[in-house]
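# A closer look at the structure
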Amino acid sequence: MTLFSVEGKKVVVTGGSRGIGRMIATGFREAEAEVYISARKAHEVEKTAAELGCTGIPADLSTPEGVAGLVAAVDGPLDVLVNNAGATWGAPLEEFPPEAFDKLWNINVKGVFYLTQRFLPQLRAAASPDSPARVITIGSIDGIRVPSMETYAYSATKAGVHMLTRHLARQLAPSHITVNAIAPGPFDSKMMAFALDDPATRATISAEIPLGRIGQPDDMAGAAIFLASRAGAYLTGTVIPVDGGLTA
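Residues numbered from 1 in each chain as written. Predicted model: local features only at pLDDT ≥ 70, side-chain atom pairs only at ≥ 80, totals over all residues. Heavy atoms only, no water.

Inspection of every chain in the model, using the stated rule, returns six salt bridges. Among the salt bridges present, the one from Glu44 reaches Arg18, with a minimum N-O distance of 3.4 Å. Of this pair, Glu44 sits in helix H2 (residues 42-52) while Arg18 is found in the loop between strand S1 (10-14) and helix H1 (19-30), placing the two residues 26 residues apart along the sequence. Taking relative accessible area as the criterion, Arg18 reaches 36% and is therefore assigned partly exposed. (Salt bridge = Lys/Arg side-chain N within 4 Å of Asp/Glu carboxyl O. Helix = DSSP H or I, 4+ residues; strand = E, 2+ residues; numbered from the N terminus. Buried < 20%, exposed > 50% of the residue type's maximum accessible area, 1.4 Å probe, protein only.)

Once that is clear, we can look at the nonpolar core. Within the largest apolar cluster, 29 residues are counted, with the highest numbers of intra-cluster contacts made by Ile24, Phe28, Val35, Val82, Ile136 and Ile182. Elements represented by at least two residues in this core include exactly S1, H1, strand S2 (34-39), H2, strand S4 (80-83), strand S5 (133-138) and helix H8 (217-228). Per element, the largest residue contribution to this core is six residues, and it comes from H8. If we skip the residues at most four places from it in the chain, Ile182 touches Ile136, Thr137, Ile138, Gly139, Ser140, Met220, Ala223, Ala224, Leu227, Ile240 and Val242. Counting 27 residues, the second-largest nonpolar core is a separate cluster that includes Tyr36, Leu123, Val161 and Leu164. (Core = buried A, V, L, I, M, F, W, Y, C linked by side-chain atoms within 4.5 Å. Contact = heavy atoms within 4.5 Å.)

A few words now on the packing of aromatic side chains. Applying the stated criterion across every chain, the model contains three aromatic pairs. Their ring planes at 70° and their centres at 5.5 Å tell us that Phe96 and Phe101 sit as a pair that is edge-to-face. According to the relative accessible area criterion, Phe96 is buried, its value standing at 14%. Accessibility expressed as a relative area gives 38% for Phe101, which makes it partly exposed. An angle of 85° between the planes, with centres 5.1 Å apart, marks the rings of Phe113 and Tyr114 as edge-to-face. (Phe/Tyr/Trp six-rings, centres within 6.5 Å; stacked < 30°, edge-to-face > 60°.)

Next up on the list: the sheet that holds strand S3 (residues 55-58). Pairing is parallel in the open sheet, where seven strands are placed in the order S3-S2-S1-S4-S5-S6-S7. A strand with exactly one partner marks an edge of an open sheet, and here the two such strands are S3 and strand S7 (239-242). Going across the sheet, the axis of each strand differs from the next one's by a mean of 20°, ignoring polarity. Strands S5, strand S6 (177-184) and S7 of the sheet are contacted by helix H5 (residues 152-172), whose axis makes an angle of about 160° with S6. (Pairing = 2+ DSSP bridges. Axes fitted to C-alpha atoms, helices over the stretch in contact; angles between N-to-C directions.)

A separate point is helix H3 (residues 64-73). Burial in H3 covers these residues: Gly66, Val67, Leu70 and Val71. Buried residues along H3 cover an arc of 130° about the axis, so they all sit on one side. Facing away from the buried side of H3, by more than 90 degrees, are the exposed residues Pro64, Glu65 and Ala72. Buried positions along H3 lie against S1, S2, S3 and helix H4 (98-126). (Arc of directions from axis to C-beta.)

Time to look at the pairing of S2. The buried fraction of S2 is high, at five of six residues. Across five bridges, S1 lies against S2 in parallel orientation. Along S2, the bridge assignment pairs Lys10 with Glu34. A crossover connection joins S1 to the parallel S2 through H1; in handedness this β-α-β unit is right-handed. As paired strands, S2 and S3 are joined by four bridges and run parallel to one another. If you follow Ser38 over to S3, its bridge partner there is Ile57. With H2 bridging S2 and the parallel S3, this β-α-β connection has right-handed handedness. (Right-handed = clockwise from strand over helix to strand, strands pointing away.)

Take a look at the structure:
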């Protein structure tokens, strides 16, 4: 269906070698988009890129050099930028270290802002009134509600990602660039492995979700493809929870 087609679109997915980033990259590749993925570890990027049939670019997006390297490696107009790269940190309140906020702010917020900023010429080159370029940021339901885990910096930075999404959406609308966020609930990823790899904990988390299950790869890929397709062209500044109803 052309309404949901992303065939031929050029898509960059950061943090695309595993977890939610890989789910999204896989969905775009299966929908016949041209996909570039990035991550810090070169061997993981190269392995995933070979498996998916896409282009892999090692890049540490918490640094200006990493941002510049990724932008330089992607030639020509860019239809879709998926800002997925991120990190988390958990520790008791009295022991929570200052470096946790510094690390997560650099990756989760500054990385999203500066990569979007640097890709603006390529996004503008792809954009038109009838077919906007798209920026999709990956937030979290932990930026909407207070989680039970002590992940202070993660929750604060993901809330920041949601507001940054809205701010960029307003600023870039005249350039025909939409900016939306997806706020995932529980999915099988490295960040959630500590909980979901334990059968009892997984069952407890699943029971708290109204739809009664952990998110699946198609759930995440489908939301991203919707936002990148003609079907999602009139949305901007939104934060969409993809969480089985958990935040409801």
